[in-house]
Structure formats: structure tokens, C-alpha cells
Amino acid sequence: QVRNTLKRLVESGAISGSKVDAWKKAMTEEAGLAVIRQRAEGGDANAMTKLSCAYRDGKRGLKKDATQAFLWMKRAADLKEITALSACAGFYLFGFGIKKSNIRGFAMFGMAAALGSEYACGMLGQANQEGHLGFDKNPQEATRWYRE
């Protein structure tokens, strides 16, 4: 009831000021988030990625939640969304919202690279060049990935 009363007062112009502006911004964010969530729940991989980023960064009125960020990014990655595959790979590599797993992380980078992700190719090249995250130092393999 209080919320509806505030909404009517704000919309009528009966109250104004910085707190009203902040409230309007919060209501706009909430409405935008509702649309994104509805699309994500309906199977839209791009919306899933946006929702994941909102949880990851604590944006759009959401609190930071690494687990929810991972779950939504993984759902988008499972739909072969290239950006989500690369981001999900990073979640695995750094243990963000999920148990750390270099194998799963680089498997996802491999899938993203196969689908055309330059970022994933660059990460695979860097891992081979520097010999980190379980990779042997291999300049030839690094060069191959950089060329992809």
C-alpha cells in the first residue's frame, strides 16, 4: 500500500526532490530487470547473459551473487552463446560462483573458440605462450591460437 501511495504521489508531481529521483530510477531499473528476467526464463541466451552480469556486478537493483551469476551464465553457455561460453570459462578458471576447474574452463574456451570467439582464442594463446593454468609453454601452439 505504501509503495502504491508513493507511486501515485510521485506520478502526480505532489512530491519531488533527490529522493524522488532516486526512487524513480530504482523503479525504472526494477521494470527493466523484470523484462530481462522474463526473457531469460523464456530461454533468451542474451537476456541470461545480461541477468548473470547484473548478479555478478550487483547492478539493476540486484545484490552481488556469484552463484546466481554463474548459474545464469552457464544456462546461456549451454545454449552456445559465444560471450557466455567465454565468460563461463572465466568463472570456472577463477572459481567464481562455482568450484574452480581449469579443465572445464579451458573446455569452454575451446568451444567458444570453435564458434569464433577471438577472446577465447587469445586466452588459449596466452595460456600456451606463458605456460600457465596447466598448459606447457608452447610458442608454436600459442601462435596458432593467436592466428585463429
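Just so it is clear, the structure is predicted and the values come from calculations on it, not from any experiment.

Colleague: Describe the environment of Gly 131, with residues and values.
Modeller: Looking at the secondary structure, you find Gly 131 in the loop between α7 (118-130) and α8 (139-147). Remark: the alpha-carbon pair of Gly 131 and Ala 142, spanning 11 residues in sequence, is separated by 9.6 Å. Among all residues touching Gly 131, those that are not within four sequence positions of it are Gln 126, Asp 136 and Lys 137.

Colleague: Outline the packing of helix α5 (residues 82-94) against helix α6 (residues 102-114), supporting the account with residue identities and numerical values.
Modeller: Closest axis-to-axis distance for the α5/α6 pair is 7 Å, and the angle between their directions is 165°. What the angle tells us is that α5 and α6 run roughly antiparallel. In this structure, α5 crosses over α6, and the sense of that crossing is left-handed. Of the residues in α6, those in contact with Ile 82, Leu 85, Ser 86, Cys 88, Ala 89, Gly 90, Tyr 92 and Leu 93 of α5 are Asn 102, Arg 104, Gly 105, Phe 106, Met 108, Phe 109, Met 111 and Ala 112.

Conventions used here
Residues numbered from 1 in each chain as written. Predicted model: local features only at pLDDT ≥ 70, side-chain atom pairs only at ≥ 80, totals over all residues. Heavy atoms only, no water. Helix = DSSP H or I, 4+ residues; strand = E, 2+ residues; numbered from the N terminus. Contact = heavy atoms within 4.5 Å. Axes fitted to C-alpha atoms, helices over the stretch in contact; angles between N-to-C directions. Parallel < 35°, antiparallel > 145°, perpendicular 65-115°, else oblique. Left-handed = near helix turned anticlockwise from the far one by under 90°.

Geometric descriptors of this kind do not, in isolation, establish any biological role.
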